[in-house]
Amino acid sequence: MSADHARLLVVGSINADLVVRVRAHARPGETVLGDDLVVHPGGKGANQAVAAARLGADVALAGRVGEDEHGRMLLATLRREGVRTDAMRTVPGASGVALITVDDAGENTITVAPGANGRFGPAEVGDLASAIEAAEVVSLQLEIPLDTVWEVIRRCAAADTRVVLNLSPVVSTMVWMSSSVVRACDPLVLNQHEASAMTGGKDAHEALRSRRAGGAGPRSIVLTLGGGGALVAVGEAEPVHVAAPTVDAVDTTGAGDAFTGALAWRLAAGDDPVTATRYAVRVGAAAVRRVGAQSSYPTAAELP
């Protein structure tokens, strides 16, 4: 089956996650001892695609891996999970790697070496034209070159294909995020930290108001609140709060990607933004109950 016919197309990163559990995160200049190193498949793009596939989605991933053992493992994992890989390419050099530490409270810190993800250039987006046109939703994040993300969004706008943009990682995006890019997002997905960065330190509710003022913002916004659920704002309507189930968090790694993958899939399946967010909140809550990113993602039958 071809990626050209997937209802959800995820364009983004794919990494090998190198994970160490620690009692507490190291402070600057401090060395701490952790448990054994564990290698998991990851990357925001791959995480979203796998999360959607676990839920029964018809999903393809467009991305880049390197000519190394990590790359071979990552492609094999996608295929095993049922993600279409027609739009994946292997390029010279190393695959992307994320260095992750997880503390006893389940909180994580992540440093990413982009590797092959950084070699996914805007000139290659033309190869995705038919896949973009055929998809109901294209989901993106910011772990591939920003010019590539913009080119995908431009082509989505021309094809009238819905764009879900997860504004993560937020670093250095403010000079890039033009009003035309923001207006194409339906929704723009961001957490409280990312919202604060976009609005110069304003609170979450002010972030929603400021980005929607005068029609300059995205068509819709989903603001994730961790254990507090999410806020959904569509057009000029007042935000709707979606509560999250109460769960004991074991590991938050990749939970935001599980949320966004589920959200994008339910939008592709025809749900309205609030209904899709209710589903995605349940998926995110299920993901934090187990260790790892993709290894923690639930099937539909496992949702709380």
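See the structure printed just above.
A quick note: this is a predicted structure, and the numbers were derived from the prediction, not measured. Residues take numbers from 1 onward in each chain, read along the sequence in its written order. Residue-level local features of this predicted model are given only where pLDDT is at least 70; pairs of side-chain atoms are given and counted only at 80 or more, and the full residue set underlies all totals for whole chains, interfaces and linings. For the side-chain quantities, the full set of heavy atoms in the structure was used; hydrogens and water were omitted.

1. A short note on unusual backbone geometry
- Cis geometry is found at the peptide bond from serine 168 to proline 169, where omega equals -5°.
- Relative to the assigned elements, proline 169 resides in the loop between strand 9 (162–166) and helix 5 (179–183).
- A positive phi angle, near 60°, is found at aspartate 160, a position not held by glycine.
- Only runs of H or I of at least four residues qualify as helices and only runs of E of at least two qualify as strands under DSSP, and these elements are numbered from the N terminus. Inspection of the secondary structure assignment puts aspartate 160 in the loop between helix 4 (146–159) and strand 9.

2. Observations regarding the environment of valine 19
- Among the structural elements, valine 19 can be located in strand 2 (residues 15–21).
- The spacing of valine 19 and threonine 253 is 234 residues in sequence and 9.8 Å in space, taken between C-alpha atoms.
- Any two residues having at least one pair of non-hydrogen atoms within 4.5 Å are treated as being in contact. Beyond its immediate stretch of four places on either side in the chain, valine 19 contacts Asp36, Leu37, Val38, His40, Ile100 and Val102.

3. Some details on the pairing of strand 5 (residues 88–91)
- Judged from the four bridges that link them, strand 4 (residues 59–66) and strand 5 form a sheet pairing that is parallel. Note that in strand 5 the partner of glycine 66 across the bridge is valine 91.
- By the criterion used throughout, a crossover qualifies as right-handed when its path from the first strand across the helix to the second strand runs clockwise, the strands pointing away from the viewer. Each parallel crossover has a hand, and for strand 4 linked through helix 2 (residues 69–81) to strand 5 it is right-handed. If DSSP finds at least two bridges between two strands, the strands pair.

4. With respect to the nonpolar core
- Counting 47 residues, the largest nonpolar core has Leu8, Val59, Leu61 and Leu78 as the members making the most contacts within it.
- When residues of this core are assigned to their parent elements, the largest contribution, nine residues, is made by helix 8 (residues 255–268).
- Among all residues touching leucine 8, those that are not within four sequence positions of it are Ala52, Asp58, Val59, Ala60, Val137, Ser139, Gly261, Ala264, Trp265 and Ala268.
- Core analysis: the next-biggest nonpolar cluster, separate from the first, contains 35 residues, Val149, Val152, Val163 and Leu231 among them. What we call a nonpolar core is a set of buried Ala, Val, Leu, Ile, Met, Phe, Trp, Tyr and Cys residues that are connected through their side-chain atoms within 4.5 Å. Throughout this description, buried means an accessible area under 20% of the type-specific maximum (1.4 Å probe, protein chains only), exposed means over 50%, and partly exposed covers the range between.

5. Digging into the pattern of salt bridges
- By convention in these notes, a salt bridge is any Lys or Arg side-chain nitrogen within 4 Å of a carboxyl oxygen on Asp or Glu. Under the defined criterion, the tally for this structure stands at 11 salt bridges.
- The closest approach of N and O atoms between arginine 72 and glutamate 69, which form a salt bridge, is 2.8 Å. Note that arginine 72 and glutamate 69 are positioned in helix 2 at a spacing of three residues, about one turn of the helix.
- A residue is classified by how much of its surface remains accessible, and arginine 72, at 48% relative accessible area, is partly exposed.
- Under the relative-accessibility criterion, glutamate 69 is labelled exposed at 57%.
- Each of the salt bridges in this network shares a partner with another, and the network as a whole consists of Glu151, Arg154 and Arg155.

6. Side note on the side chain of asparagine 117
- Position of asparagine 117 among the secondary structure elements: in the loop between strand 7 (108–113) and helix 3 (129–134).
- Setting aside residues no more than four positions away along its own chain, asparagine 117 makes contact with Gly12, Ser13, Ile14, Asn15, Arg64, Gly96, Glu143, Ile144 and Pro145.

7. Describing the sheet that holds strand 2
- The strand order 3-2-6-7 describes an open sheet built from four strands, whose pairing is mixed. The outermost strands of the open sheet, each flanked by one partner alone, are strand 3 (38–42) and strand 7. On average, each strand axis in the sheet is tilted by 25° relative to the strand beside it, whichever way the strands run.
- In this sheet, strand 3 lies alongside strand 2 in antiparallel orientation, the contact comprising five bridges. Within strand 3, the residue paired with asparagine 15 across the bridge is glycine 42.
- The axes are straight lines fitted to the C-alpha atoms, using for helices just the contacting stretch, and the angles between their N-to-C directions are given from 0 to 180°. Lying over the sheet, helix 2 contacts strand 2, strand 3 and strand 6 (96–102), oriented at roughly 55° with respect to strand 3.

8. Digging into the pairing of strand 9
- Of all five residues in strand 9, four are buried, a share of seventy percent or more.
- The β-α-β motif built from strand 8 (residues 137–140), the intervening helix 4 and the parallel element strand 9 has right-handed crossover chirality.
- Pairing analysis gives three bridges linking strand 9 to strand 10 (residues 185–191), with the strands arranged parallel. The residue of strand 10 that forms the bridge with valine 163 is cysteine 185.

9. Considerations on the packing of aromatic side chains
- Here the aromatic set is Phe, Tyr and Trp, taking the six-membered ring for Trp, and pairing holds for ring centres within 6.5 Å; pairs whose planes are under 30 degrees apart are stacked, those over 60 apart are edge-to-face, and all others are tilted. Here the structure, examined in full by the defined rule, presents zero aromatic pairs.
- Lysine NZ or arginine CZ positioned within 6 Å of the ring centre and within 35 degrees of the ring normal marks a charge as sitting over the ring. In this arrangement the basic side chain of arginine 64 is found over the ring face of phenylalanine 120, its NZ or CZ atom lying 4.0 Å from the centre.
- Positioned above the aromatic ring of tyrosine 279, the side-chain terminus of arginine 266 is 5.7 Å from the ring centre.

10. Focus on the environment of glycine 34
- Relative to the assigned elements, glycine 34 resides in the loop between strand 2 and strand 3.
- Between the C-alpha atoms of glycine 34 and arginine 21, which are 13 residues apart in sequence, the distance is 5.5 Å.
- Those residues in contact with glycine 34, other than ones at most four positions away along the chain, are Val20, Arg21 and Val22.

11. Quick look at the environment of proline 298
- Relative to the helices and strands, proline 298 resides in the segment after helix 9 (273–287).
- Linking proline 298 and valine 283, residues 15 residues apart in sequence, is a C-alpha distance of 6.8 Å.
- The contacts of proline 298, once residues within four sequence positions are left out, are Arg54, Leu55, Val283, Ala286, Arg290 and Leu303.

These values are about where atoms sit, not about what they do.
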